Amino acid sequence: MHRVAIIRGDGIGPEISEATVRVLGASGAKLTWVEVPMGQEGRRLFGSELPWSSLETVRRLGTALKAPLVAERCCGGVVVEAPGEVRRYPSVNNGLRRELGAYANVRPVRGFAGVSGRYQHLDLVLVREVTEDTYAGLERQPEQGRAEATKLITQEASRRIARFACEYAIRHGRRKITAVHKANVLHLTDGLFLESVRAVTAEYPSLVFQDRMVDATCYLLVRHPQDFDVLVLPNQYGDILSDLAAALVGSLGLAPGVNFGNGVAVFEAAHGAAPDIAGRGLANPVALILSGALLLEYLGEAEAAGRVRRAVAAVLAEGRFLTPDLGGRATTAELTQAICERMDSV
Ligand code: NAI
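Residues numbered from 1 in each chain as written. Predicted model: local features only at pLDDT ≥ 70, side-chain atom pairs only at ≥ 80, totals over all residues. Heavy atoms only, no water.

A. How the structure looks around the site of the ligand. Close to the ligand lie 20 residues, the nearest being Leu69, Gly272, Ala273, Ala274 and Asp276. Measuring from an oxygen atom of the ligand, one finds a side-chain N or O atom of Asn93 at 3.0 Å. Between the ligand and the protein, one listed contact pairs an oxygen atom with a side-chain N or O atom of Asp276 at 2.9 Å. Relative to its unbound accessible area of 810 Å², the ligand is 70% covered by the protein chains. Residues belonging to the shell around the ligand are distributed by class as follows: 11 nonpolar, five polar and four charged. (Near = heavy atom within 4 Å. Polar contact = N/O pair within 3.5 Å; in protein donor to acceptor, adjacent residues only side chain to side chain. Areas by Shrake-Rupley, 256 points an atom, 1.4 Å probe, with all protein chains shown as cover. Nonpolar A, V, L, I, M, F, W, Y, C, P; charged D, E, K, R; others polar.)

B. Highlighting the environment of Lys176. Relative to the assigned elements, Lys176 resides in strand S10 (residues 176-181). With residues near it in sequence (within four places) discarded, Lys176 still touches Val208, Gln210, Asp227, Asp229 and Val230. A distance of 2.7 Å separates the side chain of Lys176 from the backbone oxygen of Asp227, its partner in a polar contact. (Helix = DSSP H or I, 4+ residues; strand = E, 2+ residues; numbered from the N terminus. Contact = heavy atoms within 4.5 Å.)

C. Geometry of the packing of helix H7 (residues 214-223) against helix H8 (residues 235-248). One can describe the packing of H7 onto H8 by two numbers: an axis separation of 10 Å at closest approach and a directional angle of 10°. By the angle class used here, H7 and H8 are roughly parallel. On H8, the residues touching Val214, Thr217, Cys218, Leu221 and Val222 of H7 are Tyr237, Leu241, Leu244 and Leu248. Of the residues belonging to the contact of H7 with H8, the class tally is eight nonpolar, one polar and no charged. (Axes fitted to C-alpha atoms, helices over the stretch in contact; angles between N-to-C directions. Parallel < 35°, antiparallel > 145°, perpendicular 65-115°, else oblique.)

D. The arrangement of the side chain of Arg174 in detail. Tracing the backbone shows Arg174 in the loop between helix H5 (155-171) and S10. What makes Arg174 buried here is its relative accessible area of 10%. Not counting residues up to four positions away in its chain, the partners in contact with Arg174 are Arg110, Asp123, Leu124, Val125, Tyr168, Ala169, Leu207, Asp229 and Val230. (Buried < 20%, exposed > 50% of the residue type's maximum accessible area, 1.4 Å probe, protein only.)

E. Up close: the nonpolar core. Counting residues in hydrophobic clusters, the biggest one holds 81 residues, and the most contacted among them are Leu124, Val308, Val312 and Ile339. If one sorts the elements of this core by residue count, helix H9 (residues 286-298) sits on top with eight residues. Excluding residues that lie within four positions of it along the chain, Leu124 makes contacts with Arg107, Pro108, Val109, Arg174, Leu221, Pro225, Phe228, Asp229, Leu231 and Ala245. Ala5, Val36, Leu61 and Leu69 belong to the second largest nonpolar core, which has 19 residues in total. (Core = buried A, V, L, I, M, F, W, Y, C linked by side-chain atoms within 4.5 Å.)

F. The pattern of salt bridges, seen in detail. Enumeration over the complete set of coordinates arrives at 23 salt bridges. The shortest N-O distance in the salt bridge between Asp123 and Arg110 comes to 3.2 Å. Pair noted here: Asp123 is in strand S7 (residues 123-129) and Arg110 is in strand S6 (residues 102-110), with a separation of 13 residues, a long-range link. Overall, Arg110 belongs to the partly exposed group, its relative accessible area being 40%. (Salt bridge = Lys/Arg side-chain N within 4 Å of Asp/Glu carboxyl O.)

G. Highlighting the sheet that holds S6. Taken together, the 10 strands give an open sheet; going across it, the order is S2-S1-S3-S14-S13-S6-S7-S12-S10-S11, and neighbouring strands pair in mixed fashion. At either end of the open sheet lies a strand with only one pairing partner, and these are strand S2 (31-35) and strand S11 (208-213). Each neighbouring strand pair of the sheet contributes to a mean axis angle of 25°, computed without reference to strand direction. Across the sheet, H5 lies against S6, S7, S10, strand S12 (230-233) and strand S13 (258-261), angled at about 155° from S7, the strand it touches most. (Pairing = 2+ DSSP bridges.)

H. Quick look at the layout of surface pockets. Looking at the second largest pocket, its volume works out to about 500 Å³. Pro108, Tyr168, Leu294, Glu297 and Arg309 are, among the 20 residues lining the second largest pocket, the residues nearest its centre. Those elements giving two or more residues to the lining of the second largest pocket turn out to be S6, H5, S13, H9 and helix H10 (302-318). Looking at which element gives the most residues to the lining of the second largest pocket, the answer is H9, with four residues. (1 Å grid on protein atoms, 1.4 Å probe; cavity = no way out; pocket = protein on both sides within 12 Å on 5 of 7 lines; lining within 4 Å. Points joined across faces, edges and corners; volume = space filled by probe spheres on them.)

I. Examining unusual backbone geometry more closely. We note that Asp133 has phi near 70°; this positive angle belongs to a residue other than glycine. Given a relative accessible area of 1%, Asp133 falls into the buried group. With a phi angle near 40°, Ala274 is a residue other than glycine that sits in the positive phi range. Considering the arrangement of structural elements, one finds Ala274 in the loop between strand S14 (264-268) and H9.

Structural data, given as structure tokens:
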């Protein structure tokens, strides 16, 4: 029996986390969910989006399934009241990752027959550094009409994410690492990132290394995404390009993800809380369900993970129960039910 934290999230979060709990329950894996209030639920119960007790629970359990949390668009960010210290982060997701020491955000992008068109065979992975860059929270307004953000890049964090990406590539039988940057303009910051990734990948002769400018990467991802395998990116480029990559295969609702740190793994979809469709039964739960499959794999439940993935692929290929983002009319509950029913025959 595995004890796993569950953060039900904001917006479409409760709908897709319920769907994921159902599908993982039908997979045969033995899971016990420990409810962890964060986001709006955290604020309601404990007066904070990131309650200290919730962070402690996730640290203790080591694994969490997390639905998206809303990051309010206002100044001030999110405060964490640690014993004897108050820490401030630009958003709840940023704060959660950094409080847990999760530095690597892995977002696999896979196409599916039936819904991904010409990219149904696409299979690439974005490995995004999530502790620094322009999201480090170093923003200030020295005077009215002027605002500044510091782009923080360190050799230590850049080497750490590069090593993570190389080890990930070797473990998953992948061949090529692409470092994404803008070092022709950001000579010092992106230059350091690029140089660090290049130095680490040189220690892995079985991997092919290449680097690409971030603007060219956008173009090439749309034109020839098959030429990419593992992309390693600083925080902001990783944030943006993972949405672009998800669009290639048909929807943000198909893109799973996980944040890894030392001794902690938080599994979450690449997308946000989708407030525009929240509470209407229109959300595609597949990205979180596939994040759940990654969680099962991480827990050593490879067979159950395989069953979930095959059931998802079969239902998408069949095309009878697709949510509106994939051009269908099914509700979240109908797609979830179809996946659960399909699990027995895959
Ligand atoms: P979003 O990813 O929530 O939505 C972008 C578009 O994709 C919307 O049209 C939405 O309806 C659609 N979409 C997203 N997921 C979908 C799904 N599963 N099924 C069907 N359609 C889906 O991005 P947005 O609107 O910029 O952000 C909304 C909120 O979510 C913000 O507060 C943002 O800060 C937060 N957010 C949280 C993340 C997290 O918890 N990891 C990640 C990204 C955003």
